[in-house]
Amino acid sequence: MHYYTYDGTFEGLLTVIFEVYEQKAWPDKIEKQGQEQPGIFAQNKFIPTDEVKAARVWTGLKKKLSENACTDLYKTFLWEQPGFEMLIFRYVELVFASQANIEENFAADCVRQISQISRQIFREKHRMEAFVRFQKTADSLFYATISPDYNVLPLLKDHFEKRYADQRWLIYDLKRSYGLYYDLEKTDFISLEETQVNSKTGALPNNILEEKEPLYEQLWQTYFHHVNIPERKNKKLHLRHMPVRYWKYLTEKKPRLNG
Amino acid sequence: MKETVQEKLKILADAAKYDVSCSSSGGKRKNTNKGLGNAEGMGICHSYTEDGRCVSLLKILLTNFCIYDCAYCVTRKSNDIKRAAFTVDEVVDLTLNFYRRNYIEGLFLSSGIFKNADYTMERLVRIAKKLRTEHKFNGYIHLKTIPGASDELIKEAGLYADRLSVNIELPSENSLKTLAPEKNYAEILTPMAAITTQLKQSKEEVKLFKHAPAFAPAGQSTQLIVGASQENDHQILSLSSQLYQNYNLKRVYYSGYVPVSTDSRLPVLVNPPLIRENRVYQADWLMRFYGFSASEIADEKHPNLDLEIDPKLSWALRNLQVFPIEINTADYELILRIPGIGVKSAKRIVAARRFTPLHLDHLHKFGVVLKRARYFITCAGKSPELRDYTEQAIRRRILFGEGSVRNSLVKQQLELFQQAS
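The residue numbering used here restarts from 1 in each chain and proceeds along that chain's sequence as written. Here every chain gets a letter starting at A, and every ligand a number starting at 1, in the order they are written. Reporting in this predicted model follows two pLDDT cut-offs: at least 70 for local features of residues, and 80 or more for side-chain atom pairs to be given and counted; totals over whole chains, interfaces and linings ignore these cut-offs and use all residues.

Novice: What should I look at first to understand helix α4 (residues 151-160) of chain B in this one?
Specialist: For an α-helix, the turn length of 3.6 residues means that residues three or four places apart are oriented alike. All names here are of chain B. Turning to α4, its buried residues are Ile154, Ala157, Gly158 and Tyr160. The arc enclosing the buried residues of α4, seen along the axis, measures out at 165°, which places them on a common side. Remark: residues whose backbone-derived C-beta atoms lie within 7 Å of one another are considered to be in contact. We count a stretch as a helix when DSSP gives it H or I for four or more residues in a row; a strand needs E for two or more, and each element gets its number in order from the N terminus. Against α3 (117-134), β7 (140-144), β8 (163-165) and α6 (185-208) lie the buried residues of α4. Using C-beta atoms placed from the backbone, we call a residue buried if 20 or more other C-beta atoms fall within 10 Å of its own, exposed if 12 or fewer do, and partly exposed for counts in between. For this quantity, the arc is that covered by the directions from the helix axis to the C-beta atoms.

The following block contains the structure:
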C-alpha cells in the first residue's frame, strides 16, 4: 500500500505523479498534508513540491491531450471534493498507457467523471459571473463577497478583467479567505487579515459605502420585484435556477430597503 | 427626484415585462477601449424572478404613453393605468449603475409610441448612442424597432445596438387586424426585411474592410403572442419557420398570453397557457437544433401540439417505422431524433462509440433518459425491451410508469369526472 501526501498545490500533485512513475510505486491514496488519515497498513509518504518535475508531467500531458482536456484536469483540482487526487491520477495513468488520445472515451469512468466535474465547475463559475453583486465604497472600490461550492475564483479573473476594465474591484471568497483584486492595471490574489464584511450577508458596513449606493440597491430591488409576473408564479423553476444557498449575498433577495 | 425614478421604474418595468426576449448572447462587442463592459460570447442570466424567468437585461419602456390601442397590450391607450416617461439621462444612469454592480448584462429598451414612430425611435437611438460614445459602454443593448420608423433611423440603431427586434405580435394578419387595428403586417415586415438586408450588407462590408462598422452583431429577433387569438400550433410553427428562413432571425420568442385586459375581442382566459407555450418552445428548439421541419412537428392532421408529451416523443410515436435506431452505428442526425437523447448525450454517444461498443449502462451514465429512449433503440443489436409495444402502450408506459394500467385507468376516470362536472 502506498499513501502519498503533498502540500495542496496543483504543482505538488503533479510532483507526486512524477514520483509515482519514477519509483513505480502505484498510489492507493493521495491526500493533502494535514488532512490525511493516519495509515494503519501503510506509511504516509510526503512528497515535497518540485517545479521541474511538475512541469515535466504537465508537458507530457500537453503532448497527448488537447488544451481543453488539460484545463479539465486543473478544474478537477479546483473541484476539491474527496478523492479528486486519485481521480486525476487515474486519468493521467490512462493517458500515458494509451497510444491514442483518450479524452473522448466517455466509456471509461475517469474520463466521464472528469468531464462531468468540468461541467460542474463551469456551472459554478458561470453562476459566480452572474451572482456577484458589487457594492461601491466611498473610495470607488467595487466590492463583492462570494463563497462558491468549488474553488472557482482563479477562473473568474479573465471575465471580470475584461468586463470592468475602468473600475477598481475586489471579489472575496469568504469561505476560502482569499480574493481577487483589480487596481485598473493588473489583477492579483490577495488575502485580508480581517474583513469588515458581515459574514451573514456578505455586505460592507454602511459607513464606508458611497453615498448613492443604497439608492441603487433599492432601485435594483424595485426593478426585480416589478419585472415579475405574479400570474406566472413558478417556485420550482425559480429555485432550480437560483438555489437558496446563493441567496444570502444577492441584493435582490435581501429584505426590501425602504422606498 | 429620488421618488420619481423609483416610481418611474416601477411603472415602466411593469409595462415592459410582457416582452419575453431576454437573450444577451451572440454579441461580439469586446472591451477594447478600456471602457465599461464586454458583450462577447455567451449571455448571462443575473437573476431569476419568482415566475422562473431570467433577468439578464434592464428591460424597460422609455415611456408607456401610447397612441395605439392594441387589445392584448397593457399599455394600450384605452387602458386606465399610471403613465410615466424616463428622460434619456435617467435611462443612461440606471443602465451604467446597474451594470457596474453586475446586476445586468445590458439594456433592453422598448417604448410606447408617442407622437409618431420616428419621434419615438429617435429617442431610443439617442440613448444607445450616448451609452456607446459618451460612456464607452460595451455591454449588451437590445433596441426594439418601432413599426413605421424610417430606414435611416433603423440603420443608425443598428450601429449602436447588439440586437434589434420588431414584434410580429400575432400569428396571422387577420388577428392583427382585429386586435391591433392600427398595426398591419406590412409595417412590421418592412423594417424586419430592412434589418435583414442591413445585416447581410454589413457582413459583406466587414469581409472587405476590416473596420467597417458592425450592424447589430447579435442579429434580430421577434416575438408573437400565443393564446390571444385563434391560430393553431401548426400555423404558429409554419410562421416561425418562415421567419427563420426568410428573415434570418436569431430567435422567435413566444409569449403565452397573460390576461391584462377584459377587452371583448379577446378570449376569456383564467390562466396564461403556460404548458402550450412550453410545448411551442420545445418545437422551436427541434427546428433550430434537431433538424426537424415545421411540418414534421405539426401539420393539418395534427394541428396542435400534444400537451401531455413533448413534441419529439410525439413525432416518434407517429413515426414508429423509423425505430428502433442502433446506437452504435446510426448517424448523429438520427440519434438526435431519439426521444430522451439531447444534443449533449448524442455527441457523447458518437464520440465514445469509437472506443468501445456502447451498452445501456453507458447510455444511462451519459445522461440519456432511458425511461423514454428505451422503446426506440437497440444497443449492439439488442433491444432493452423484450417485446414491441404499440404507440398507445408506449405512451401509457412513459406517462404513467411501467405496467401501470391501473394508474392510467384512475387518471381516465378522473378526466371523465372532470368533464362531467
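Novice: Hey, could you run me through the packing of helix α3 (residues 67-79) of chain A against helix α4 (residues 84-97) of chain A in this one?
Specialist: Geometry of a packed helix pair, given as the angle between the helix axes and the separation of the axes. Residues and elements named next belong to chain A. Note on geometry: axes are C-alpha line fits, over the in-contact stretch for helices, and angles between N-to-C directions span 0 to 180 degrees. Closest axis-to-axis distance for the α3/α4 pair is 9 Å, and the angle between their directions is 165°. Accordingly, the angle class assigned to the pair α3 and α4 is roughly antiparallel. The crossing of α3 and α4 is right-handed. Contact residues: Leu73, Thr76, Phe77 and Trp79 in α3; Phe84, Leu87, Ile88 and Tyr91 in α4. The residue inventory of the contact of α3 with α4, partitioned by class, reads seven nonpolar, one polar and no charged. Note on angle classes: values under 35 degrees are labelled roughly parallel, values over 145 roughly antiparallel, values of 65 to 115 roughly perpendicular, and the remainder oblique. Take the far helix as your reference; a near helix turned counterclockwise from it by less than a right angle gives a left-handed crossing, and one turned clockwise gives a right-handed crossing. Each residue gets one label: Ala, Val, Leu, Ile, Met, Phe, Trp, Tyr, Cys and Pro are nonpolar, Asp, Glu, Lys and Arg are charged, and the others, such as Gly, are polar.

Novice: What's the story with the pairing of strand β5 (residues 57-61) of chain B in this structure? I'm lost.
Specialist: The side chains of a regular strand alternate between both faces of the sheet. Residues and elements named next belong to chain B. Most of β5 is tucked away: five of the five residues are buried. Neither face of β5 is exposed, since Leu57, Lys59 and Leu61 on one face and Leu58 and Ile60 on the opposite face are all buried. As judged from the five bridges shared by β5 and strand β6 (residues 106-110), these two strands associate in the parallel manner. Looking across to β6, one finds that Lys59 is bridged to Phe108. Once the chain exits β5 it traverses helix α2 (residues 88-100) before rejoining the sheet at β6, and the crossover so formed is right-handed. Paired strands, as defined in this entry, are two strands with at least two bridges between them according to DSSP. Whether a crossover is right-handed depends on one test, that the path from the first strand over the helix to the second runs clockwise when the strands point away from the viewer.

Novice: Would you take a moment to explain the interface of chain B and chain A for this structure?
Specialist: A common way to express how large an interface is: the accessible area buried when the components associate. Taken together, the contact pairs 47 residues of chain B with 38 residues of chain A. Contributing elements (two or more residues each) for the side of chain B that touches chain A: α1 (2-16), β3 (47-48), β4 (54-55), β5, α2, α12 (343-352) and α13 (360-366) of chain B. Here the side of chain B that touches chain A gets seven residues from one element, more than from any other, and that element is α1(B). Residues belonging to the side of chain B that touches chain A are distributed by class as follows: 21 nonpolar, 14 polar and twelve charged.

Novice: Help me understand unusual backbone geometry in this model?
Specialist: If a residue is not glycine, its phi is most likely negative; likewise, a peptide bond is most likely trans. Here B:Phe323 and B:Pro324 are connected by a cis peptide whose omega angle stands at 0°. Within the element layout of this structure, B:Pro324 appears in the loop between α10 (311-318) and β11 (325-326). The backbone phi angle of A:Glu80 is positive, close to 65°, even though this residue is not glycine. Inspection of the secondary structure assignment puts A:Glu80 in the loop between α3 and α4.

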